[in-house]
Amino acid sequence: MNTKTLDELAFYTIREDISGWCVSPEGKDALLHRDPLPPADHEAIIELKETGEDWMALMNDAQSAQAARSGTLLEGWQPVRQSLYLASAEGAALDTTQLYDVLTFSRSVLSVRHMVESRSPLLSLKRLPEKTALLPTQAALEAVNAIDRILDKDGQLRDLPALREIRAKIAKIHADIEREIKRYTSDTSLLTNVLEANVPAYRADRQVLAVKASQKSRVHGIVHEVSQSGQTVYIEPEEVVRKNNELVQEEFHLLAETRKICAETTAQIKPLAEDLRQALSIMLFLDTTLAASRWGEAHRAVYALECTGSRDNRGEVLPPLLLQARHPLLGSKAVPIDIRCLPEKRVLIITGPNTGGKTVTLKTFALFAMLNQAGFPVPASDGTRLPLFDNVFADIGDEQSIDQSLSTFSAHMKNIASALDISCGATAESLVLLDELASGTDPQEGGAIAMAVLDALIARGAFVLVTTHHGILKNYGYTNAACINASVDFDAETLKPTYRLRMGIPGESHALDIATHSGLPADVLSQAKSYLVNEQADVSKLINGLVEKHAEADRILLEHKNRERAQNEKQRKLDLLELRLKQNEHEIKEREKRADSRFVAETRRRLENLIRTLREGEITREKTLRAKAFITELGKAEEASEKLLEDEEAALDARKAALEKQARSAAAEKERGVRSDNGILILPGESGRRTAGKSKKKSRASNKEAFAAAKSTYSDALIAQLTPKDARKKEAVPTPVWEPGAEVFAGPSRTRGTLIREERRGVWTVQLGAIRMSVKERDMVLVPTEGSSAPQKASVSIELSSAPDGENAIFMKSSAEARPVFELKLLGMRAEEAVKVLERQLDLCTLQNFKSFSIVHGKGTGVLQQAVQDYLASYPGVAEFHFARPEEGGTGKTYVSMR
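Residues numbered from 1 in each chain as written. Predicted model: local features only at pLDDT ≥ 70, side-chain atom pairs only at ≥ 80, totals over all residues. Heavy atoms only, no water.

**Q** Please explain the overall build of the chain as it appears in this structure.
**A** Helices and strands together make up the secondary structure of the chain, namely 26 helices and 27 strands. A total of 899 residues make up the chain; the buried ones form 41% of that total. For the chain, contacts bridging at least 24 residues in sequence account for 66% of all contacts bridging at least 6. Total accessible area on the chain is roughly 48,200 Å²; 52% of this is exposed by carbon and sulfur atoms. (Helix = DSSP H or I, 4+ residues; strand = E, 2+ residues; numbered from the N terminus. Buried < 20%, exposed > 50% of the residue type's maximum accessible area, 1.4 Å probe, protein only. Contact = heavy atoms within 4.5 Å. Areas by Shrake-Rupley, 256 points an atom, 1.4 Å probe, with all protein chains shown as cover.)

Given below as structure tokens:
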């Protein structure tokens, strides 16, 4: 990038401002050397911006925001690069200051790694987790442990055993020196006649006494200095001389021991130096990206989206878009502007009054593009997107030079010529800024040159921003398909610019209005107005008409947005209601499932007790009555459960029907769209639409599961065969009616049953084999009959299969079919007999969807056990089998689960 252009755009000023947010001097230095990256480094730009977005997410997070305010989001450190290189040298010894710098750096590495790992699962961070995962935390931890052993939290050497004795000696010598000095200063005769002062002085880091020159013989010692007047002599007493000499020796001893300790610690971190240098490069990356994000938060900035081939637009090429853009150097005085470029429009021509903000708009766009390519946020609103440029060519300001004999126009032409240079000029990926194009010369010739320059830049495909007062360029912007006009707004009442940018229409210079406001004499203004030709008035009228039409379009667009916002709010409420309905439906299903589980468990327990009772001794009337009472009670419990579930279902269906009606009404209203008064049709977006068709909730889950579990006794083909031939003819035959005693096929499995009674409208009690249950008419089909004879009622019987040892293998049967048992006893059978009985049990389980049972085969010699295991392993309908727990029979009993 051209450094002169970047300086004109204030890029370096903004970069220096951002660097002030770094937590380390090395990070600040790294950021001050960051320049805009070319499009070839697109991935590096994305990495910088996504990492910055992660930092912003952390700063906006409540827990992380507190850390950000306290400065612990990333802890600072002093420069360590030179210290780490020195630590790698053989025999090197870092001093305590350098070791403390390495310590604070290593602690910062561990802190940021821990912080990101703890917050990333909650915030869905993109780049920070993988970046911090590269930090060598083991090396940092070892460095912290090694240095923390000898330095305290302030970077001072701890009271180590090797230093404790030396420090004690030094302290004792200091005390002795103080005592000797005090002996002189506390002597009244010496203080009155010999000493000039009662406090000692320091010369060459030694305590001395200020003695009157005439009395120097009274104090024996070494003279260190004589005052300028010669009246005072500074003497170190002999006793103090000896003590100071001892002090120097002990302090040297302390220094040597300190160097030894530092050398040993440096040797410990030497193997870690390479890893810590790698950590430094990552930490500098984190420091600079965090500084950019902090600056962005302070200036309400965002990271711009990409225009081409990015995560934001699925590869589609989108035009640049600036929303509420504010030049950062203007601070609170900045007026937000929107720059909305259109596809295939590569030239933006900005016109309007002087001091209206044309040049600021030009610089804002270019500065934002460079900040974006440096990985910095831009002070704008969400949705801002910017392309990547390979270079920026700028002709901004007046570069008149007397030394180089350059006039204003010549300086402009020199800059434009560099942009049009064949070898190193603008390309299809370049940005060209032309401020006051072709000014400073004859307007007619300047306008012609301006259009020719724009033609050449359009041919190259460059992205061009132009400011001008030439009326001919306004017309050029309308007639050229690659151009779009824009203007800075002007308040006709206050005769002042508003600094707002209006896209799509050119602006007037308002020179006469500005001259009036500036105090130009009225007669001069009147004369100037008389010189204006009618064509200019016509152009002004045209521009005013365009302004009114744009204002009308903006009003219609605002009405549509408000209407769409209200529609979205209505849709949100409908979605919320739908979610609540689904939650209620889920709760009903869960409650039904739990009730079914309890019912099945209780029924199974009672049924097993009943079977055990029937098995013990003869079948008596009392046992028969007990079995019937159990079946009757079972039917009543099922009916009560069905009634409760149907009531809940009816209420839920009513709410669901009302919701679907509202949704259809909202969809119909949204499809009609909004048509404005001037004939512009504005269609609403596709967002918020919902498919009208919703899958209906099944009526009763328990009945459905019961039908699914029932034996599929009759197929559709068999039903057709069982239907009397006369019924298949087209002649009319007696139609079966819904009445007690009628036979039906119930459920999707076509289970044949008999109607017992009608509980309420559309719901019947049906006898299905040994089970009596409530079924809706819509889930059943009447069995066609030839006559009026009613089918026989199904009866319940118990079939006992006698085993050789007198044990009974019990199968419950209806009048037409056998039933599997919960516990199959094979004790005393031969292997062949046992396999046949087991085969029959497995077939019944498969036919009737019986999911699990147990087999009592005993232990014995293991032959019967092995035969059962082998057959179960080969049977395709068995899902799993295993021995019982020791307290339930262990290896003498096997539990079987069917598919």
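Picking up where we left off.
**Q** Can you walk me through the environment of G862 in this structure?
**A** Position of G862 relative to the elements: it lies in the loop between β25 (852-856) and α26 (863-874). Sequence spacing of G862 and G892 is 30 residues, and the spatial spacing of their C-alpha atoms is 9.1 Å.

**Q** Whenever I open this one, the pattern of salt bridges confuses me. Can you help?
**A** Side-chain pairs of opposite charge can arise whenever the charged atoms involved come near each other. The full count for this structure, using the stated rule, is 29 salt bridges. For R179, the salt bridge is made with D176, and the minimal N-O distance between the two is 2.6 Å. Here the residue R179 and the residue D176 both occupy positions in helix α10 (residues 161-185), the gap between them amounting to three residues, near one helical turn. According to the relative accessible area criterion, R179 is partly exposed, its value standing at 49%. When the shortest N-O distance is used, the salt bridge between R572 and E569 registers 2.7 Å. (Salt bridge = Lys/Arg side-chain N within 4 Å of Asp/Glu carboxyl O.)

**Q** Help me understand the sheet that holds strand β2 (residues 206-212), please; the structure alone is not making it clear to me.
**A** Within a sheet, adjacent strands bond to each other through the backbone by hydrogen bonds, running parallel or antiparallel. Taken together, the four strands give an open sheet; going across it, the order is β1-β2-β4-β3, and neighbouring strands pair in antiparallel fashion. Looking at the sheet topology across the chains shown, the edges are occupied by β1 (201-203) and β3 (221-226). The mean inter-strand angle of the sheet, taken between neighbouring strand axes irrespective of direction, is 45 degrees. Pairing between β3 and strand β4 (residues 232-237): five bridges, direction antiparallel. For E225, the partnering residue across the bridge sits in β4 and is Y234. Contacts from α10 reach β2 and β4, with the element oriented near 10 degrees to β2. Helix-sheet contacts for helix α12 (residues 238-269) involve β2, β3 and β4, and the interaxial angle to β4 is about 60 degrees. (Pairing = 2+ DSSP bridges. Axes fitted to C-alpha atoms, helices over the stretch in contact; angles between N-to-C directions.)

**Q** Before we go on, may I ask you to explain the sheet that holds strand β20 (residues 771-776) in this structure?
**A** Strand order in this open sheet of five strands is β20-β19-β18-β17-β21, and the pairing throughout is antiparallel. At either end of the open sheet lies a strand with only one pairing partner, and these are β20 and β21 (780-782). Across the sheet, the mean angle separating the axes of adjacent strands is 45 degrees when strand polarity is ignored. Where strand β17 (residues 743-746) and strand β18 (residues 751-760) come together, four bridges link them in antiparallel fashion. Among the inter-strand pairings, E743 is bridged to a residue of β18, identified as T754.

**Q** Explain helix α4 (residues 42-60) to me, please; I cannot follow it from the model alone.
**A** Given 3.6 residues to a turn, an α-helix orients residues that are three or four positions apart in the same direction. Between the first and last C-alpha of α4 there are 27 Å, a value that for 19 residues agrees with the 27 Å anticipated at 1.5 Å per step. Of all 19 residues in α4, 14 are buried; the element is thus mostly enclosed. (Expected span 1.5 Å × (residues − 1).)

**Q** I'm lost on the state of the cysteines in this one. Help?
**A** Here a disulfide denotes a covalent bond joining the sulfur atom of one cysteine to the sulfur atom of another. Per the stated rule, a full pass over the model turns up zero disulfides. With no disulfide of its own, C341 has C307 as its nearest cysteine by sulfur position, at a separation of 8.8 Å. (Disulfide = S-S within 2.5 Å.)

**Q** Which parts of the structure should I look at to understand the packing of aromatic side chains?
**A** Each aromatic ring pair is characterised by the separation of its centres together with the angle its planes make. In this structure the tally under the stated criterion is six aromatic pairs. Ring geometry for F365 versus F463: centroids 5.5 Å apart, planes at 10 degrees, classification stacked. Here the residue F365 occupies a position in helix α14 (residues 358-373), and F463 occupies one in strand β12 (residues 463-467), the gap between them amounting to 98 residues. One exposure class covers both F365 and F463, and it is buried. Aromatic pair F822 and F850: ring centres 5.2 Å apart, planes at 55 degrees, arrangement tilted. Taken as a pair, F822 in the loop between β23 (808-813) and β24 (823-825) and F850 in the loop between α25 (831-847) and β25 lie far apart in primary sequence, 28 residues in all. The exposure classification of F822 matches that of F850, with both residues buried. Three or more aromatic residues joined by ring pairs form one cluster here, namely F365, F389 and F463. Above the plane of the ring of Y184 lies R183, whose end atom (NZ or CZ) is 5.0 Å from the centre. Against the face of Y85 rests R277, its NZ or CZ located 4.7 Å from the ring centre. (Phe/Tyr/Trp six-rings, centres within 6.5 Å; stacked < 30°, edge-to-face > 60°. Lys NZ or Arg CZ within 6 Å of the ring centre and 35° of its normal.)

**Q** Even after reading the chapter, I still don't get α14, so can you show me in this structure?
**A** Along its 16 residues, α14 runs 23 Å from first to last C-alpha, staying within 8% of the 22 Å computed at 1.5 Å per residue. Counting buried positions along α14 yields 13 of 16 residues, so the element is predominantly enclosed. After α14 finishes, the residue G375 shows a positive phi value of roughly 80 degrees.

**Q** It is not clear to me how the side chain of E436 should be interpreted in this structure. Could you clarify?
**A** Within the secondary structure, E436 sits in the loop between β11 (430-434) and α16 (443-460). Here E436 sits buried without a salt bridge, and the closest side chain of opposite charge, K358, lies 4.1 Å off (N-O distance). For E436, the residues in contact, after removing those within four places along its chain, are K358, T467, T468 and H469. (Lys, Arg positive; Asp, Glu negative; His and termini not counted.)

**Q** How should I be thinking about unusual backbone geometry in this particular structure?
**A** Most peptide bonds take the trans form, and the phi angle of most residues other than glycine is negative. Of note, the phi angle at S124 is positive, near 55 degrees, even though the residue is not glycine. Of note in this structure, E344 is not a glycine but carries a positive phi near 70 degrees. Along the polypeptide, E344 turns up in the loop between β7 (337-340) and β8 (347-351).

**Q** Explain the packing of α4 against helix α7 (residues 96-123) to me, please; I cannot follow it from the model alone.
**A** A pair of packed helices is captured by two measures, namely the crossing angle of their axes and the spacing between those axes. Contact geometry of α4 with α7 gives a least axis separation of 11 Å together with a crossing angle of 80 degrees. By the angle between their directions, the pair α4 and α7 is classed as roughly perpendicular. Where α4 approaches α7, its residues W55, A57 and L58 are matched on the opposing element by V112, M115, R119 and L123. Along the lines of polarity and charge, the residues of the contact of α4 with α7 split into six nonpolar, no polar and one charged. (Parallel < 35°, antiparallel > 145°, perpendicular 65-115°, else oblique. Nonpolar A, V, L, I, M, F, W, Y, C, P; charged D, E, K, R; others polar.)

**Q** Mind showing me how you'd approach the packing of helix α2 (residues 11-19) against helix α13 (residues 273-298) here?
**A** One way to put it is that α2 packs onto α13 with a least axis distance of 8 Å and a crossing angle of 105 degrees. In terms of orientation, α2 and α13 fall into the roughly perpendicular class. Contacts between α2 and α13 involve I14, D17 and I18 from the former and A291, A292 and W295 from the latter. Here the residues of the contact of α2 with α13 sort into five nonpolar, no polar and one charged.

**Q** How should the environment of R127 be read in this particular structure?
**A** With respect to the secondary-structure elements, R127 resides in the loop between α7 and α8 (128-132). For R127, a relative accessible area of 18% translates into the label buried. Along the chain, R127 and L48 lie 79 residues apart, while their C-alpha atoms are 8.9 Å from each other. Other than its neighbours up to four places away in sequence, R127 contacts E43, I46, E47, E50, T51 and D54. Reaching out from R127, the side chain makes a polar contact with the side chain of E50 at a distance of 2.6 Å. (Polar contact = N/O pair within 3.5 Å; in protein donor to acceptor, adjacent residues only side chain to side chain.)

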